[in-house]
Structures are given as C-alpha cells and as structure tokens.
Amino acid sequence: MAHGRNKAAPTGVAAFIGRHGAMTVRKVFLFLLAGLLLPATALAARPALLVPSNASDVIEQLPRGYALLKPQKQDAPVARLEDIEQMLSLAARTGDARLASRAQALLNRIPATDVSPGVIRARAFNAQHRHEFAAALRLLDSLIAQQPRDGDARLSRAQIHLVQGRLDLARADCAALALGVDSGRALICISALSLRQGRLREAASLSERWIAESAPDDPSRLFVLLMRGEVASRAGTGDAMAWFAQALAVAPDDVRVLAATSRHLRRSGRHAQTLKLLVDTGSEGLQLERALAARSAGVPQATALADAQARRYRLAHAMGSAPEMRDEAELLLTLRGDSAAALALALRNFEQQRDYEDVDLLQRAARAARRPDALRGLQAWAASQGLDVGGRAPAPP
C-alpha cells in the first residue's frame, strides 16, 4: 500500500500543511506509536524482578498477549518477518523486553545480506527498543537511501533525533515529510517537534488537526492522542485527562498509555489516582511510578514499594543487566535522597538521551546536589538547539 502524498509543489512547510487533505496511510509498525513523549522504560522495560520467599512464589509470568503469537519452529531455516513484526508490536505494547530478545534471535537467523525494507525496518526498531540509537539511525539512513519517500522511516528517524536532542536534524526530516513525502506524517512530526520546543499552542493545533482528519483505525492515532494529552499536561489547560482517557479507551493495558497517564496524574498531584491506575502492573518502569506516587501520597506501603524497587535494581546490576539510568537516578533522587549519586547517573543519561524528562531530571538533581556547574553542558546544548531555560519548555502560553 502506498503512502498518502501531496503531489502539489508547495512554497513552504506551513503552506503545505495548510493545504493537505485527508490521507491514505499504510499499515505501519506499532513502534511508531511509542514516540518520544513516553518514558524510556515504556520502550525497553523488563518484568519486575523479585526474590521468591517460598517454593510456591511465581517469579515470572509470560507477557500479556503471548498466546496470540504464532509458534515458530526452532529449526526453521529462515525466520518469518511476520512473526518478528508481531513480536516487536507486542513488545512495544507490553513493554516486555523478552519479546524483543526473541525477535532479535529470529532476526539473527535472517542472512545479513538481506537488506529488504521490511527486514531493515525490523532491525531498526529492535535497535531502537534496546536504546541502541546509533545503530537504529544507521539502519534508518539505509532504508531512506533505498526509499526516499518512506514517510514512516523519516518520522521514526526524527523521533530518535528528538530523543537525542538533535532538534535541527529532526526539523530536517519534518521538512522533508512536509515538502512532498507524506503530509500526514508531517503533521505528526512537526507537532512532536513543536512540543519539544515548548511551542504548545502549535503542537496542540497540529495534533488536533491530525486527529480530526485521520481514520479511527489509523495505527498512529494512539501516539497522537498521547502527544495531545502531553501538550495539555505541560500547558496546564485542564483537558489533559480527557485526551489520556481516549487513549486508555483504545488500549487500556498498553504500558505506553499507562506510563504517560500516570506521569500526568503525578505531575498534577493526583497520586491516589496514579496508584489506582497502576494497581495491576508488572512492568519495572510502572512499578517505579507506583513507588513515586505512593511516597507523594504518604500511603503506608510507600516504604515497601521503594525498597522493592531498589532491590529490583540491585538484582538487575547483579545479573549484568543495568536498569534504565533515568529510572535509577529518579529512585536515588526522590526515594533515597542521594542527590550526588542521582546527579552522576543523570549526567550519564544526558549523554545518550536529552528528551524533556531527561533534562528535567538533570536539573532537579543538580539543584538538590547544589551543583549548578553540572548544568554547563546542558546549557550549551540548549543554546545550540534554540531551547529555553536549559531545555525546559517555556512557561505555558
């Protein structure tokens, strides 16, 4: 199926967006829905680790939806791309890295000489899922070189650039989308860029336009609903929960939806609602959200939840599988009060990821540690990208 395209010769990005009509989009990987607005843990989460206290304890459960996967013969000479795509989609939805590992094992059985677009796309997402952004970008570069009008690849590349703080490179991909590649993807791309720049009114307008003109079953709809909710949350306009509720209605068990919604509830001080939302979650990242909300709410189980999360991180380190740096830094800063250790991790995390939440964490850790000098690199980067106040969004318009 073909991309939706506008073949008229535009005079500029704004003019092009103003003229674009209803689009016909092809089915895309659900990894595009993961987006940049969600915590890193929603992309590469593990099941929560625990130490069993007796022989009857269940120490691991299969990922939700695992039974839907078609069985794959272990001795099959060539892995089926359909199976890999299904696993990657389920990994994005559940946040379960075991599925991504299984997909990687199948990808390894595909000859390295196979550079077909579908295989490259699957390899790129799996690299992105593991936060191997340089490898993901190399793969997307090769895919775009093969198919310059691949709107999904350009949008995905722009998303990675935004996560890494290269707004200039993301802007170039958004412009390419708008200048004839895919008008619908251009709306999504420029909306995400505007949000990252703190241009909240523009982000709201563009995302609402896309929602109004898209088909109800468009695979990108969930991501755009979450983005619109994030815009409202940061702007404090009062309608954020209405957008998140729409996303929850579409995918109530999706870890990306739960993460974005719980973060908004916590940001707005509704900690009891956060705990209610996350009462039945096994995701490691969402368990951290529970622990943070419990501490803010002052509930009796707050200490136990914080201790359990710290224990999970110790277990992960002991197993040679380091936790997400941003998550561990948040635990150290907020739940353990160790600002020096939190700042060290936040600085390391900033070397790889420079999204809104990464910048906010680094600023809070530097303030808590009384280390304004630690923000020099952030300030230089923010100036180079035209961001205000060290990369944080300006005050709501």
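Numbers given for residues are sequential positions, taken from 1 along each chain in its written order. The predicted origin of the model limits local features to residues at a pLDDT of at least 70 and limits the giving and counting of side-chain atom pairs to 80 or more, whereas totals for whole chains, interfaces and linings rest on all residues. Each side-chain value is worked out from all heavy atoms of the structure, with water and hydrogens disregarded.

**Q** Explain helix H5 (residues 97-107) here, please?
**A** Side chains three or four residues apart in an α-helix point the same way, a direct result of the helix having 3.6 residues per turn. Along H5, the residues that are buried comprise Ala97, Leu99, Ala100, Ala103, Leu106 and Leu107. Angular distribution of buried residues about the axis of H5 spans 165°; they occupy a single face of the element. Note on contacts: a residue pair qualifies if any of its non-hydrogen atoms lie within 4.5 Å across the two residues. Strands are runs of DSSP state E lasting at least two residues, helices are runs of H or I lasting at least four, and both sets are numbered from the N terminus onward. Summarising the contacts, the buried residues of H5 are in contact with helix H4 (81-94) and helix H6 (117-129). Each residue gets one of three labels from its accessible area relative to the maximum for its type: buried under 20%, exposed over 50%, partly exposed in between, using a 1.4 Å probe on protein chains only. The arc under discussion is defined with respect to the helix axis, by the directions toward the C-beta atoms.

**Q** Explain the packing of aromatic side chains to me, please; I cannot follow it from the model alone.
**A** Remark: the centre distance and the inter-plane angle together describe each pair of aromatic rings, the angle taken between the planes. Two rings from Phe, Tyr or Trp (for Trp, the six-membered ring) form a pair when their centres sit within 6.5 Å of each other. Planes less than 30 degrees apart are called stacked, planes more than 60 degrees apart edge-to-face, and all others tilted. For the coordinates displayed, the defined rule picks out one aromatic pair. With a centroid separation of 5.5 Å and 80° between ring planes, the pair formed by Phe350 and Trp381 is classed as edge-to-face. Separated by 31 residues along the polypeptide, Phe350 in helix H19 (residues 339-352) and Trp381 in helix H21 (residues 376-385) bring together distant segments of the chain. Its guanidinium or amino end placed over the ring of Tyr356, Arg234 lies 3.7 Å from that ring's centre, counting from NZ or CZ. Should the NZ of a Lys or the CZ of an Arg lie within 6 Å of a ring centre and within 35 degrees of the ring normal, that charge is described as sitting over the ring. When the ring centre of Phe350 is taken as origin, the NZ or CZ atom of Arg354, which lies over that ring, is 4.3 Å away.

**Q** When you look at the environment of Asp254 in this model, what are you seeing that I'm missing?
**A** Relative to the assigned elements, Asp254 resides in the loop between helix H13 (240-250) and helix H14 (255-267). Spatially, the C-alpha atoms of Asp254 and Ala92 are 8.3 Å apart, while their sequence positions differ by 162 residues. Dropping the residues within four chain positions of it, Asp254 is found in contact with Ala92, Arg93 and Leu222. Residues adjacent in sequence count toward polar contacts only when both atoms are side-chain atoms; beyond that, a polar contact is any pair of N or O atoms within 3.5 Å, and within protein one must be able to donate a hydrogen and the other to accept it. Within the structure, Asp254 has its side chain in polar contact with the side chain of Arg256 (distance 2.5 Å).

**Q** Would you mind going over the pattern of salt bridges with me for this structure?
**A** What makes a salt bridge here is a side-chain nitrogen of Lys or Arg within 4 Å of a carboxyl oxygen of Asp or Glu, nothing more. Within the structure shown, the criterion is met by 25 salt bridges. Arg121 is the salt-bridge partner of Asp150, the closest N and O atoms lying 2.5 Å from each other. One end of the pair, Asp150, is in the loop between helix H7 (133-146) and helix H8 (151-163); the other, Arg121, is in helix H6, and 29 residues separate them in sequence. In this structure Arg121 comes out as buried when scored by relative accessible area, which is 10%. We note a salt bridge from Glu230 to Arg263, for which the minimum N-O separation is 3.1 Å. With Glu230 in helix H12 (residues 221-235) and Arg263 in helix H14, this residue pair connects regions lying 33 residues apart in the sequence. Given the relative accessible area of 5%, Arg263 is considered buried. Several salt bridges converge on common partners, so that one network encompasses Glu230, Arg234, Arg263, Arg267 and Glu357.

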